[in-house]
Amino acid sequence: MLALPAFAAEKAVSADVAEVAAVEVTGSRLAESTADVPAQTYVITREDIDNSAARDVQDVLSRVPGVNGLLNSASMAQDKSSVLVRGLATEVLLLVDGVPYLGTNYMSGSNPFDLRSISLTDVDRIEVVKGAGSAIYGSNAAGGVINIITRKPSDKTTGSITLEGGNKEWFRGNVHGTVVLSDDLKVFAGYTRTQEGETKTRLANPATGLYDYAKDYRGNDYYFGFAKGPWAFKAELGDSKSEWDYSSQGYNSDVWSTERDRQKNEYKRFMLNYADGVNTGRLYYYDNKRDVTDPYATTNYRDKVFGATYNRKQEIGTTPFVFGMDFRHENGNISASNSIDDLYDKSRNEYAPYIETSVPIGDAAFDIGLRYEHWDIEDGDDANEFIPRFSLNWANRDGLLYYVTAGRYFSMPSFYQIFGDSRYSVHSNPNLKPEKGWTYDIGVKDDKAKNPWNFGVFYMDMKDKINYETTDFVTYEGHYINVDEYRAWGFEGQYKWNFHENWSYTQGLSYLHAEEKTGSSDWTRSNMPRWDISGILNFKKDPWNAELSAHYYGDRQLTNAVYDEEDIFIVNAAVSWKVDRTTIKLACVNLFDKEFYLNNNGYINPERRFILSATYEF
């Protein structure tokens, strides 16, 4: 593939196309807009974020139909901030500015990333593409791909400062700015401080009404970088400290009634990017450290990843192609204060050539994505995967895009799943295989219309799903094995009605029928809510902006009969006033202060929050 530029049939891409192609589109390296991607796509803009009552990235993602951000949303001090897409958590891929951002030490059923490390004030927009994306991005892109695009330098020297305060000791402060040094050289930087006090997280004992509490959260996020011509560099660094109280759970040991769990997080992300519209190259490195302290020990988790990617866009005849190569080196390490040696310290390498093309068939187009993955795993079984994705799509003269897409996906097991944790009798399984499956989507959308809308139907299945198997019910020893199956079908859509120059209403709808199977057992329904319905009413007339949003989650099933599985209905509101360079905003989360149980363990939704913020631009 790297020899393609030498072919006599090569045709240089025009300057106009090159200029457009410098903007990457989530879900396709050929498309020039998410409106052209043959899949359910959603874009959350900076304006959407500013108009909403969202406190963090997890809250914002809940605006997308079929993305469930309820889990662990009770407070910032939870162990992780996570989301579910089409009923999946582990098999969701997070990108930050196009870079896969995944840990290596996660367990089954949890996100391989922590959304708390993404400061909401530094987000420019978020793009969500549903369905299999492994042919484009590789491992974990089964339920969908979330691409968080952070702020870029502005075209002029400028900046802003924001201060927020609210109940539950909420505070957030942000400052960021850009300095233009020449026509093509800009430098930029930003800093965010986040704090939160005591909040309820879980009804631990319904009989006595005792709760677990998040006690404290303190976080710092920094970024800086430059942009010069086709080159861009960005560094992001951050740290956080959190505490939470499990004293109400009634453990036999008295130590649990006197000690809190504590966690310290640190992250570093660096990216050097080159994009001239035809060639795109990227080097990236990130380092995540997480220290968790309970009454018995401190466990240290560390993920280090280095990656490089290159791709080239060109036409051969009249057919567009993108071809390239990804390389990724991962290192995962776990150590503990009550263990002399590391629990494990392992590495693996990924090599992945890929190609995408779009072949015209009359007025339609047949898009093809092909990717080959080779994983070289230290002390484990190597993995090789061929991952195709095919899509037949047709756009009529009115702008409607019809599509039928079939994509294969796979998800590599984490180091924790492969090598275990001997302190908790979790044994290693070096023969653990990747999870695999197919997703099929049929849909229609018109994202460019005055009243943009989309609707799609999907089916997905997964083999070799990873689950924990207990082999000794006395000592609870066990290991992770490929035993589960997962299948789901459903539909989802969104309609934005701009019914007046000052008013708009957005209706979101998602239905998910998901089932799981372990070994030879019968299929059982997932405990995910089947209905996810949201409505967002917006008003905009200078100097005022206002938003009222309501979210309904219905037809739930909790296997723990202690907790009520009633439907969830939450209302949020926000209003802002902007004059010249100053913006004042008042927001309320959970307006009616309703409490719902989110899952079988008794975790609850956020308590009512009032947040007042002020932003000054300079």
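Residues numbered from 1 in each chain as written. Predicted model: local features only at pLDDT ≥ 70, side-chain atom pairs only at ≥ 80, totals over all residues. Heavy atoms only, no water.

**Concerning the overall build of the protein chain**
Within the protein chain, the regular secondary structure consists of five helices and 33 strands. For a compact globule of 618 residues, the expected C-alpha radius of gyration is about 25 Å, and the protein chain comes in at 24 Å, within 12% of that figure. Classification of the 618 residues of the protein chain by burial places 56% in the buried group. Long-range pairs, those at least 24 residues apart, make up 62% of the contacts in the protein chain between residues at least 6 apart in sequence. Seen as two clouds, the 65 positive and the 89 negative side-chain charges of the protein chain have centres 4 Å apart. (Helix = DSSP H or I, 4+ residues; strand = E, 2+ residues; numbered from the N terminus. Rg over C-alpha atoms; globule rule 2.2 N^0.38 Å. Buried < 20%, exposed > 50% of the residue type's maximum accessible area, 1.4 Å probe, protein only. Contact = heavy atoms within 4.5 Å. Lys, Arg positive; Asp, Glu negative; His and termini not counted. Charge placed at Lys NZ, Arg CZ, Asp CG, Glu CD.)

**Let's talk about the environment of L401**
Mapped onto the fold, L401 is located in strand β22 (residues 401-411). Aside from chain neighbours lying at most four places away, what touches L401 is A35, D36, V37, N393, W394, A395, G443, V444 and K445.

**Concerning the nonpolar core**
Grouped together as the largest cluster of nonpolar side chains are 37 residues, with contacts concentrated most on V57, L61, L115, I126, V128, I146 and I148. Membership of the second largest hydrophobic core comes to 14 residues, among which are L84, A89, A142 and A488. (Core = buried A, V, L, I, M, F, W, Y, C linked by side-chain atoms within 4.5 Å.)

**Structural notes on unusual backbone geometry**
Here D542 and P543 are connected by a cis peptide whose omega angle stands at 5 degrees. With respect to the secondary-structure elements, P543 resides in the loop between β29 (531-541) and β30 (544-554). At D379, a residue that is not glycine, the phi angle is positive and equals roughly 60 degrees. Counting through the fold element by element, D379 comes out in the loop between β20 (364-377) and β21 (383-395). Of note in this structure, D555 is not a glycine but carries a positive phi near 55 degrees. Within the secondary structure, D555 is located in the loop between β30 and β31 (568-579).

**Digging into the packing of aromatic side chains**
Geometry of an aromatic ring pair is reported as the spacing of the ring centres plus the angle between the planes. Under the definition given, this model contains 24 aromatic pairs. Taking the centre distance of 6.0 Å and the plane angle of 25 degrees together, the rings of F226 and F233 count as stacked. When its relative accessible area of 30% is taken as the criterion, F226 is described as partly exposed. Plain terms: the ring middles of Y468 and Y480 are 5.3 Å apart, the flat faces sit at 70 degrees to each other, and that makes the pair edge-to-face. On the criterion of sequence distance, the pair formed by Y468 in strand β25 (residues 453-472) and Y480 in strand β26 (residues 477-497) is long-range, its members being twelve residues apart. On the basis of relative accessible area, Y468 is assigned to the partly exposed category, the value being 26%. Counting every residue linked through ring pairs, the aromatic cluster contains F455, W489, F491, Y511 and W531. Just above the ring of Y354 sits the side chain of R29; from NZ or CZ to the centre is 4.3 Å. Positioned above the aromatic ring of Y301 is the side chain of R290, whose terminal nitrogen or guanidinium carbon lies 4.3 Å from the ring centre. (Phe/Tyr/Trp six-rings, centres within 6.5 Å; stacked < 30°, edge-to-face > 60°. Lys NZ or Arg CZ within 6 Å of the ring centre and 35° of its normal.)

**Description of the sheet that holds strand β5 (residues 92-96)**
Spatially, β2-β7-β8-β5-β6 is the arrangement adopted by the five strands of the open sheet, whose pairing is mixed. Pairing within the sheet leaves two strands with one partner each, and these edge strands are β2 (41-45) and β6 (99-100). One ladder, built from two bridges, connects β5 with β6; its direction is antiparallel. Along β6, the bridge assignment pairs L95 with P100. (Pairing = 2+ DSSP bridges.)

**Describing the environment of F610**
Within the secondary structure layout, F610 lies in strand β33 (residues 609-617). Relative accessible area serves as the criterion here: at 41%, F610 is assigned to the partly exposed category. In this structure the C-alpha to C-alpha distance between F610 and T104, which are 506 residues apart in sequence, comes to 36 Å. Every residue in contact with F610, bar those within four places of it in the chain, is listed here: G165, G166, N167, A587 and C588.

**With respect to the pattern of salt bridges**
All told, the structure shown has 43 salt bridges when counted by the stated rule. One salt bridge in this structure joins R172 and E164, with 3.3 Å as the shortest N-O distance. Judged on exposure class, the residue R172 and its partner E164 are both buried. One network of salt bridges, in which partners are shared, links R55, D59, E196 and R609. (Salt bridge = Lys/Arg side-chain N within 4 Å of Asp/Glu carboxyl O.)

**Thoughts on the side chain of N140**
Mapping N140 onto the fold places it in the loop between α4 (134-137) and β8 (144-150). Among the polar contacts listed, one links the side chain of N140 to the backbone oxygen of T90, at a separation of 2.9 Å. Setting aside residues no more than four positions away along its own chain, N140 makes contact with T90, E91, V92, L93, L102, Y106, P112, F410, S411 and M412. (Polar contact = N/O pair within 3.5 Å; in protein donor to acceptor, adjacent residues only side chain to side chain.)

**Observations concerning the pairing of β21**
Where β20 lies against β21, twelve bridges are found, and the strand directions are antiparallel. Counterpart to W375 in the pairing with β21 is A383. Hairpin connection from β20 to β21: five residues lie between these consecutive antiparallel strands, with D379 at a positive phi of about 60 degrees. Inspection of the sheet shows β21 paired to β22 by seven bridges, in the antiparallel sense. Pairing of S391 across the sheet is with T405, part of β22. Linkage of β21 to β22, two consecutive antiparallel strands, is achieved through a turn of five residues, within which G399 is found at a positive phi near 95 degrees.

**What to know about the confidence of the model for the protein chain**
When the pLDDT values of the protein chain are averaged, the result is 88; 92% of them are 70 or greater. Taken as a whole, residues 1-21 scores under 50 in pLDDT and shows 33 contacts with residues more than four places along the chain or in a different chain. Long-range and interchain partners of residues 248-258, a stretch whose pLDDT sits below 50, account for 19 contacts in this model, where long-range means more than four residues apart. (pLDDT = per-residue confidence, 0-100.)

**What about the pairing of β29?**
Examined bridge by bridge, strand β27 (residues 503-518) and β29 share nine bridges and lie antiparallel to one another. Bridging from a neighbouring strand, L509 pairs with I533 of β29. The hairpin formed by β29 and β30 contains two residues between the paired strands.

**Quick word on a nonpolar patch on the surface**
Side chains of W544, V575, W577, V579, I584, L586 and L612 sit close together on the surface and give an oily, nonpolar patch of about 580 Å² of accessible area. One can find V575 in strand β31. By relative accessible area, V575 is classed as partly exposed at 33%. (Patch = residues over 30% accessible without salt bridge, like charges linked within 9 Å, V, L, I, M, F, W, Y side chains within 5 Å. Areas by Shrake-Rupley, 256 points an atom, 1.4 Å probe, with all protein chains shown as cover.)

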